[in-house]
Amino acid sequence: MNSAKRKKIDFIVAAGGGSVIDAVKCIAAGAYYDGDPWDLVLDHSRIGRAIPFCAVLTLSATGSDYDNSGVISNSATNEKMFLAASNLFPQASILDPTYTFTVPANQTAAGSADIISHTFEQYLVKEGNPFTDAMCEGVLRTVFEYAPKAIAAPDDYEARAQLMMVSSFGCCGLLSIGRTPSPWPCHGMEHEISAFYDITHGVGLAILTPNWMRWSLTPETAPRFAQYGVRVWHLNPQDDVMKNAQKAIEKTAEFFKSIGLPSKLSEVGIDDKHFEEMADHVAKIWWSFDGALRPISRSGVLEILRMSL
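Each value, and the rule that gives it
Residues numbered from 1 in each chain as written. Predicted model: local features only at pLDDT ≥ 70, side-chain atom pairs only at ≥ 80, totals over all residues. Heavy atoms only, no water. Helix = DSSP H or I, 4+ residues; strand = E, 2+ residues; numbered from the N terminus. Rg over C-alpha atoms; globule rule 2.2 N^0.38 Å. Buried < 20%, exposed > 50% of the residue type's maximum accessible area, 1.4 Å probe, protein only. Contact = heavy atoms within 4.5 Å. Areas by Shrake-Rupley, 256 points an atom, 1.4 Å probe, with all protein chains shown as cover. Lys, Arg positive; Asp, Glu negative; His and termini not counted. Charge placed at Lys NZ, Arg CZ, Asp CG, Glu CD. Core = buried A, V, L, I, M, F, W, Y, C linked by side-chain atoms within 4.5 Å. Salt bridge = Lys/Arg side-chain N within 4 Å of Asp/Glu carboxyl O. Phe/Tyr/Trp six-rings, centres within 6.5 Å; stacked < 30°, edge-to-face > 60°. Lys NZ or Arg CZ within 6 Å of the ring centre and 35° of its normal. Polar contact = N/O pair within 3.5 Å; in protein donor to acceptor, adjacent residues only side chain to side chain. 1 Å grid on protein atoms, 1.4 Å probe; cavity = no way out; pocket = protein on both sides within 12 Å on 5 of 7 lines; lining within 4 Å. Points joined across faces, edges and corners; volume = space filled by probe spheres on them. Nonpolar A, V, L, I, M, F, W, Y, C, P; charged D, E, K, R; others polar. Expected span 1.5 Å × (residues − 1). Pairing = 2+ DSSP bridges. Axes fitted to C-alpha atoms, helices over the stretch in contact; angles between N-to-C directions.

A. Region of interest: the overall build of the chain. Looking only at helices and strands, one finds 12 helices and five strands in the chain. Taking 19 Å as the expected radius of gyration for a compact globule of 309 residues, we find that the chain reaches 19 Å, a close match to that expectation. Within the chain, the proportion of its 309 residues that are buried is 53%. Across the chain, every contact between residues at least 6 apart in sequence was considered, and the portion connecting residues at least 24 apart equals 74%. With an accessible surface of roughly 13400 Å², the chain has 53% of that area assigned to carbon and sulfur atoms. Here the chain holds 26 positive side-chain charges and 35 negative ones, and the gap between their average locations is 1 Å.

Given below as structure tokens:
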């Protein structure tokens, strides 16, 4: 930030994955701000001018190459929050699947989990939309098919290209058109976990997501999960709705395991020490979870976190 100001940088190249691109967005805005750049995360209205930048994507995951927001961590306060502004879109993004050939299996898996979670956050809502439901289901089928291929053969161009495409479209707002707005509960909770611990975002999402699904499953929400199971996992539409909903959730958990991701926080050295603090903080800084598929209270947050141990 200070270097950009001191050297009067007028253009930045963000070459990397989502964290790199997000950091550049903060640098680009912070270069024209006189105070602590964390102020911009706390209050987006303070974002004024920004240095223009382009993105060269090297990891399919966050979609930051195609949107105007970023996630920033503050290790001093154990906070992980987002900033956004209309002038924080990249001027251009270079998406060459060959740049992702060297991404290791664990990061390919974590990035794929992030894409899946972005899609679930917009798809598993109280009221969907036929058109964007179909797009969400297409994204999910694509990741479920091509993530294992990219992990098995890192230089599989088709697999890498498919993941790169759905990564970009998964978080640009397109999938949320015409549906009930979602508070993105899994992301809100996972940001709390990765604010306290050195855990890859996609890994945290892979652990939390099946447990959020299990917690959210009720007779009222079962048709949404069952639709996902029938259309994405090709379950028998004639079977009982609750049975298909449960099977779809378990297939999701099994998929994460199949690509090498952990299923419990305890597997990555996380206990419940900070859960109460996390539940308080997410309620303070995130969107209300009242609008989630199944509304989540503070006690619900704690229950989901404990289910994930």
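Next comes the rest of the account.
B. Expanded view of the nonpolar core. Counting residues in hydrophobic clusters, the biggest one holds 65 residues, and the most contacted among them are I193 and Y228. If you look at the next biggest cluster of nonpolar residues, it comprises 24 residues, including C26, A29, L40 and A50.

C. Structural view of the pattern of salt bridges. Counting across every chain of the model gives 11 salt bridges. For K149, the salt bridge goes to E145, with nearest N and O atoms at 3.1 Å. Of this pair, K149 and E145 both sit in helix α5 (residues 130–152), four residues apart, which is roughly one turn of that helix. For E145, a relative accessible area of 39% puts it in the partly exposed group.

D. Up close: the packing of aromatic side chains. A full pass over the atoms with the stated rule returns nine aromatic pairs. Ring plane angle 65° and centroid distance 5.4 Å describe the contact between Y66 and F169, whose orientation is recorded as edge-to-face. Note that Y66 is positioned in the loop between β2 (53–57) and β3 (69–74) and F169 in helix α6 (residues 157–170), a separation of 103 residues in sequence. In this structure Y66 comes out as partly exposed when scored by relative accessible area, which is 42%. Both rings, one in F144 and one in F255, keep their centres 4.7 Å apart while their planes meet at 65°; by these two values the pair is edge-to-face. You can see F144 sitting in helix α5 and its partner F255 sitting in helix α10 (residues 241–258), a full 111 residues away along the chain. In this structure, F144 and F255 share a single accessibility class: buried. By way of ring pairs, the aromatic residues F144, W233, F255 and F256 are connected into one cluster. Stacked on the ring of Y123, the Lys or Arg R224 has its end atom at 4.8 Å from the ring centre. Sitting over the ring of W215, R294 keeps its end group 3.8 Å from the ring centre.

E. Quick look at the side chain of D133. By secondary structure assignment, the location of D133 is in helix α5. Of the polar contacts made by the side chain of D133, one reaches the side chain of R179; its length is 2.7 Å.

F. Examining empty space enclosed by the protein more closely. Under the definition given, this model contains one cavity of 30 Å³ or more. As a volume, the largest cavity reaches approximately 50 Å³. A breakdown of the residues in the lining of the largest cavity according to their chemical character gives three nonpolar, four polar and one charged.

G. Fine view of helix α7 (residues 185–196). For α7, built from 12 residues, the straight-helix expectation of 16 Å at 1.5 Å per residue is met to within 8% by its first-to-last C-alpha distance of 18 Å. Within α7, 12 of the 12 residues are buried, which leaves it mostly tucked inside the rest of the structure. Every buried residue of α7 is accounted for by P185, C186, H187, G188, M189, E190, H191, E192, I193, S194, A195 and F196. Tucked into the core, α7 has its buried residues touching β3, β4 (79–84), α4 (105–123), α8 (201–216), α11 (275–285) and α12 (298–307).

H. Local environment of the layout of surface pockets. In this structure, the largest pocket spans a volume of roughly 1100 Å³. For the largest pocket, the lining is made up of 44 residues, of which D22, T62, V71, H191 and H201 are closest to its centre. For the lining of the largest pocket, the secondary-structure elements that each account for two or more residues are α2 (18–30), β3, β4, α4, α7 and α8. Top contributing element to the lining of the largest pocket by residue count: α4, with six residues. Along the lines of polarity and charge, the residues of the lining of the largest pocket split into 16 nonpolar, 22 polar and six charged.

I. Layout of the sheet that holds strand β1 (residues 12–16). Here we have three strands laid out as an open sheet, ordered β1-β2-β5, and parallel in their pairing. With one partner strand each, in any of the chains shown, β1 and β5 (93–94) form the two edges of the open sheet. Of the strand pairs in this sheet, β2 and β5 are connected by two bridges, and their pairing is parallel. Across the sheet, residue A55 finds its bridge partner in β5, namely S93. Sheet strands touched by α2: β1 and β2. Its angle to β1, the strand with the most contacts, is close to 160°.

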